[in-house]
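Geometric and topological summary
For reference, the chains in residue letters:
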Amino acid sequence: MVKNFKMVAKTLFGMEELLAQELRQLGASNVELGTRMVSFEGDTGFMYKANLCCRTAIKILKPITSFNVFKEEDLYEKVYNINWEDYMDVDGSLAVNATVFSDYFTHSQYIALKTKDAIVDRFRDKEGRRPDVDLDHPTLRINVHIDRNICTISLDSSGESLHKRGYKVANTVAPISEVLAAGLIMLSGWDGNSDFLDPMCGSGTILTEAAMIACRIPPNLNRDEFGFETWPDFDVDLYEVIEASALKKIREFHFKMYGFDTDDEAVRKAKENVKSANLDEFITITKQDFFESEKERERPMHLLFNPPYDERLSISNVEEFYGKIGTTLKHKYPGSQAWMITSNMEALKCVGLRPSRKIKVFNGKLESKFVKYEMYAGSKKAKKQ
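A brief report on the enclosed structure follows. Since we're looking at a predicted model, the values are computed, not measured.

A count of helices and strands for the protein gives 11 helices and 15 strands. A globule of 385 residues ought to have a C-alpha radius of gyration of about 21 Å, and the protein, at 23 Å, matches this closely. Of all intrachain contacts in the protein linking residues separated by at least 6 positions in sequence, the fraction that spans at least 24 positions is 76%. For the protein, the accessible surface area stands at approximately 19,100 Å², while carbon and sulfur atoms represent 46% of it. Here the protein contributes 53 positive and 58 negative side-chain charges, whose respective centroids are spaced 7 Å apart.

Right, here's the structure in full:
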């Protein structure tokens, strides 16, 4: 019988319920929400599936032990006593990441260093030599989490953060995270059943994530490698079965997706990224000023965008810029729903439209609002009647 085990999926603030829904739909059991994380249970195949298919996860961690720690010596001794030779070879390499929420343990980098020392000392004592430390491409990534006096040691099955999908070959200034983009699209209710526009598309991340959601393409299909692929027990045949099953769920998309940007370089980079994701047949990127555009089709349209940050605009025109967003939506995009994320709460007031929804999210460390505007064809009163 295949054995289930506990795992932890890390995510962004505000995305916990979305991630829990994803995990349940994929088949996870005992799903429980936390802060910036969701715990769940599944087998090895499910661990592979969660890494491949979760759009709002940053990491999938596999806890291997928990213990009490009251001083540094406790941490060193208990990490030393773990059978690390079950998880890696002395010829391999490791990297340790730590997060701490404790009055006694206050420096996460120091905790990571003590953990690394205990592991390499065990190998040196048992085998006469030690594994290397490789922060970029280790064969084993280890996560240490200390909450007050409880220390949990986990294996990082993802490797690099899952926001690094593998399709992005060109970046613009302050690009939105792929995980945040996917989460916002899911929060907006986008289901692939209408036209879609990102009128300020930058490097094309929102468009790419929206197309993958519409077509049910696994978000991490383009990644070169997951962390679990260098583990001693990696089952390549099982992974290929999981991947083939996910690919069978891909569906056709029968609407149009558009991206606008006024910057030549952004347009070029967005096209490169969309092509890298093999989505250029669905997405059209053009150099276009949103404020001089209008909706061309009668059918409904879903807009979702991340306006430029304040540092990319001169302060004197921020209010005018946001005012133009409202004017353009109101007069040029009837029959649309528009979603926008911003961390500039004062500028948001200048849009001049009443949002029908406001959701608190974080863009990096910036507290932001994700707002929805509904543009009715004709008056709102007529729409209700």
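With that out of the way, let us pick up the side chain of Ser-293. Relative to the elements of secondary structure, Ser-293 occurs in the loop between β11 (283-287) and β12 (301-305). Taking relative accessible area as the criterion, Ser-293 reaches 5% and is therefore assigned buried. One polar contact links the side chain of Ser-293 to the main-chain carbonyl oxygen of Phe-290, over a distance of 2.6 Å. A polar contact of 2.6 Å, which involves the side chain of Ser-293, links it to the side chain of Tyr-333. With near-sequence residues (within four places) excluded, Ser-293 lies in contact with Phe-260, Gln-288, Thr-328, Lys-332 and Tyr-333.

Taken together, the side chains of Asp-233, Asp-235, Asp-237 and Glu-240 define an acidic patch exposed on the protein surface. Residue placement: Asp-237 occurs in helix α7 (residues 236-247). You can call Asp-237 exposed: its relative accessible area is 54%.

With that settled, consider the packing of aromatic side chains. A full pass over the atoms with the stated rule returns 23 aromatic pairs. When the ring of Phe-253 is compared with that of Phe-282, the centres are 6.2 Å apart and the planes differ by 80°; the resulting orientation is edge-to-face. Here Phe-253 is found in the loop between α7 and β10 (257-261), whereas its partner Phe-282 is found in the loop between α8 (264-276) and β11, with 29 residues between them in sequence. The residues Phe-253 and Phe-282 share a single accessibility class, namely buried. Ring geometry for Phe-290 and Phe-305: centres 6.1 Å apart, planes at 55°, overall tilted. Residue Phe-290 is found in the loop between β11 and β12, and its partner Phe-305 is found in strand β12; the two are separated by 15 residues along the sequence.

Another aspect to go through is the sheet that holds strand β2 (residues 29-33). Pairing is mixed in the open sheet, where eight strands are placed in the order β2-β3-β1-β4-β8-β7-β5-β6. Each edge of the open sheet carries a strand with a single partner, namely β2 and β6 (132-133). Examined bridge by bridge, strand β1 (residues 5-10) and strand β3 (residues 37-42) share six bridges and lie antiparallel to one another. Directly across from Lys-10, in β3, lies its bridge partner Met-37.

Scoring rules and cut-offs
- Residues numbered from 1 in each chain as written.
- Predicted model: local features only at pLDDT ≥ 70, side-chain atom pairs only at ≥ 80, totals over all residues.
- Heavy atoms only, no water.
- Helix = DSSP H or I, 4+ residues; strand = E, 2+ residues; numbered from the N terminus.
- Rg over C-alpha atoms; globule rule 2.2 N^0.38 Å.
- Contact = heavy atoms within 4.5 Å.
- Areas by Shrake-Rupley, 256 points an atom, 1.4 Å probe, with all protein chains shown as cover.
- Lys, Arg positive; Asp, Glu negative; His and termini not counted.
- Charge placed at Lys NZ, Arg CZ, Asp CG, Glu CD.
- Buried < 20%, exposed > 50% of the residue type's maximum accessible area, 1.4 Å probe, protein only.
- Polar contact = N/O pair within 3.5 Å; in protein donor to acceptor, adjacent residues only side chain to side chain.
- Patch = residues over 30% accessible without salt bridge, like charges linked within 9 Å, V, L, I, M, F, W, Y side chains within 5 Å.
- Salt bridge = Lys/Arg side-chain N within 4 Å of Asp/Glu carboxyl O.
- Phe/Tyr/Trp six-rings, centres within 6.5 Å; stacked < 30°, edge-to-face > 60°.
- Pairing = 2+ DSSP bridges.

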